[in-house]
Each structure stands twice: as structure tokens, then as C-alpha cells.
Amino acid sequence: MAGARVEAIQPDRGTRRFSVTNGAGVYYLEGLPQGKYTLQINGKSSGSLTLEESSEAFQELNLQHPSIP
């Protein structure tokens, strides 16, 4: 899905990072500090992510837009 806004929100610290998907539906969220994140696509909840010290620097996540069954 091209042009979707993907956002990682860290509620306890107020950290928010976002990216917009390219024509292939690929997005990058860079510079996220360790912690727990809620993931949203175009403002709708689509999952969660936890980054720890041992987490890989590059991770591939496949998200499904909440409005698509």
C-alpha cells in the first residue's frame, strides 16, 4: 500500500516516529530508542513492537492495514 503513514508511538515517553510507505509499501522507522511501541497505520492501531538492547538493528515487519480484511 503506497502512501500510508506508519507511526511508532512510545506512550510512556511520548516518543513518536513516522514514515510514509513507498510505491512498494516499504517504510523505514529510524532512530527508535529501546522500549515498547504501539504501531499505527493512518492513525489506526495495527500492532505493537518491543525494542531491547539485543534487538536486531534492522527488522522486517509485515503490517496489515486495519481496514483491509
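The rules behind the values
- Residues numbered from 1 in each chain as written.
- Predicted model: local features only at pLDDT ≥ 70, side-chain atom pairs only at ≥ 80, totals over all residues.
- Heavy atoms only, no water.
- Phe/Tyr/Trp six-rings, centres within 6.5 Å; stacked < 30°, edge-to-face > 60°.
- Lys NZ or Arg CZ within 6 Å of the ring centre and 35° of its normal.
- Core = buried A, V, L, I, M, F, W, Y, C linked by side-chain atoms within 4.5 Å.
- Buried < 20%, exposed > 50% of the residue type's maximum accessible area, 1.4 Å probe, protein only.
- Helix = DSSP H or I, 4+ residues; strand = E, 2+ residues; numbered from the N terminus.
- Contact = heavy atoms within 4.5 Å.
- Polar contact = N/O pair within 3.5 Å; in protein donor to acceptor, adjacent residues only side chain to side chain.
- pLDDT = per-residue confidence, 0-100.
- Salt bridge = Lys/Arg side-chain N within 4 Å of Asp/Glu carboxyl O.

Some points on the packing of aromatic side chains
All chains considered together, the criterion is met by 0 aromatic pairs. Positioned above the aromatic ring of phenylalanine 18 is the side chain of arginine 5, whose terminal nitrogen or guanidinium carbon lies 3.7 Å from the ring centre.

Some thoughts on the nonpolar core
Counting residues in each nonpolar core, the largest one holds 6 residues, listed as Ala8, Leu32, Tyr37, Leu39, Leu49 and Leu51. When residues of this core are traced back to their parent elements, those giving at least two are β3 (35–41) and β4 (44–51). The contacts of leucine 39, once residues within four sequence positions are left out, are Glu7, Ala8, Lys44, Ser45, Ser46, Gly47, Ser48, Leu49, Leu61 and Leu63.

Here we look at the environment of arginine 17
Structurally, the position occupied by arginine 17 is in strand β2 (residues 15–20). Remark: the alpha-carbon pair of arginine 17 and glycine 31, spanning 14 residues in sequence, is separated by 8.4 Å. Filtering out sequence-adjacent residues up to four positions away, arginine 17 remains in contact with Val6, Glu7, Ala8, Leu29, Glu30, Gly31, Leu32 and Pro33. Within the structure, arginine 17 has its side chain in polar contact with the backbone oxygen of glycine 31 (distance 3.3 Å).

Observations concerning unusual backbone geometry
A positive phi is found at asparagine 42, a non-glycine position, where the angle reads about 50°. Inspection of the secondary structure assignment puts asparagine 42 in the loop between β3 and β4. Looking at asparagine 42, the relative accessible area reads 38%, which means it is partly exposed.

Side note on the environment of threonine 50
Secondary-structure assignment places threonine 50 in strand β4. Excluding anything up to four places from it in sequence, threonine 50 contacts Gly35, Lys36 and Ser55.

Quick word on the confidence of the model for the protein chain
The predicted model of the protein chain averages 87 in pLDDT, with 93% of residues at 70 or higher. Per-element averaging of pLDDT across the protein chain places β4 at the bottom with 89 and strand β1 (residues 5–10) at the top with 94.

Overview of the pattern of salt bridges
Counted according to the given criterion, the structure contains 2 salt bridges. The shortest N-O distance in the salt bridge between arginine 5 and glutamate 7 comes to 3.8 Å. For glutamate 7, a relative accessible area of 9% corresponds to the buried category. The partner of arginine 16 in a salt bridge is glutamate 7, with the nearest N and O atoms 2.9 Å apart. Taking relative accessible area as the criterion, arginine 16 reaches 49% and is therefore assigned partly exposed. Three or more residues joined by partner-sharing salt bridges are found here, namely Arg5, Glu7 and Arg16.

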